[in-house]
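Architecture at a glance
Each chain, written out:
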Amino acid sequence: MSRKLAALIVGMVLLGVNAVWAQDPAQVAKGRQVYADRQCNKCHAIGDEGGRVGPDLTRVGLKREADWLRQFLKNPKAVNLRAKMLAFEGTDQELEAVVAYLASLY
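The text that follows walks through the structure, step by step, so that each part is easy to find. (Residues numbered from 1 in each chain as written. Predicted model: local features only at pLDDT ≥ 70, side-chain atom pairs only at ≥ 80, totals over all residues. Heavy atoms only, no water.)

Structural notes on the packing of helix H4 (residues 66–74) against helix H6 (residues 92–103)
Short version of the rule: Fitted lines through C-alpha atoms serve as axes, helices being fitted only where they are in contact, and the angles separating the N-to-C directions of these axes extend from 0 to 180 degrees. Secondary structure elements are taken from DSSP: a helix is a run of H or I of four residues or more, a strand is a run of E of two residues or more, and numbering for both begins at the N terminus. Angles below 35 degrees are treated as roughly parallel, those above 145 as roughly antiparallel, those between 65 and 115 as roughly perpendicular, and all remaining angles as oblique. Note on convention: near helix rotated counterclockwise from far helix by under a right angle means a left-handed crossing. Clockwise means right-handed. Note on contacts: a residue pair qualifies if any of its non-hydrogen atoms lie within 4.5 Å across the two residues. When residues are sorted by character, Ala, Val, Leu, Ile, Met, Phe, Trp, Tyr, Cys and Pro go into the nonpolar class, Asp, Glu, Lys and Arg into the charged class, and all the rest, Gly among them, into the polar class.
For the pair H4 and H6, interaxial distance at closest approach is 9 Å and the crossing angle is 130°. Judged on the interaxial angle alone, H6 and H4 are oblique. H4 and H6 meet at a crossing whose hand is right-handed. Between H4 and H6, the contacting residues are Ala66, Leu69, Arg70, Leu73 and Lys74 on the first element and Leu95, Glu96, Val98, Val99, Leu102 and Ala103 on the second. Residues that form the contact of H4 with H6 fall into these classes: 8 nonpolar, no polar and 3 charged.

Side note on the packing of aromatic side chains
Threshold: Centres within 6.5 Å make a pair out of two Phe, Tyr or Trp rings, where for Trp the six-membered ring is used; the pair is then stacked when the planes are under 30 degrees apart, edge-to-face when over 60, and tilted otherwise. Whether a residue is buried, partly exposed or exposed follows from its accessible area with a 1.4 Å probe, protein chains only, as a fraction of its type maximum: under 20%, in between, or over 50%, in that order. Placement of a positive charge over a ring is assigned whenever Lys NZ or Arg CZ falls within 6 Å of the ring centre and within 35 degrees of the normal to the ring plane.
Within this structure, the stated rule accounts for 2 aromatic pairs. Relative to phenylalanine 72, the ring of tryptophan 68 has its centre 5.1 Å away and its plane inclined at 5°; by these criteria the two rings are stacked. Placement of the pair is tryptophan 68 and phenylalanine 72 together in helix H4, with a separation of 4 residues, close to one helical turn. Residue tryptophan 68 is classed as partly exposed on the basis of its relative accessible area, which comes to 27%. You can call phenylalanine 72 buried: its relative accessible area is 15%. Across the ring face of tryptophan 68, the terminal group of arginine 64 is positioned such that the distance to the ring centre comes to 3.9 Å.

Next comes the structure, spelled out in structure tokens:
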């Protein structure tokens, strides 16, 4: 493996670790609770629990950045015309908490 490639991989890993460390644990916990209260698990699975109608969110934090998650939750069809999910109905604080929770899923 070339030095440049190795440096790139190390940098990507460190950025990912920094993103996880930068998250507020209280915000992530609040987001987990909002996810449960809104019954998101009826359609989405995390690990072995939840529905299979929507995409599996087990490692969504590796696949999507917080900004993408925020935009999608606010207006799914604006991000993906084929989206079947309805827009998130909650306060801005609840939305930010859910985004923090989903972004923490590695």
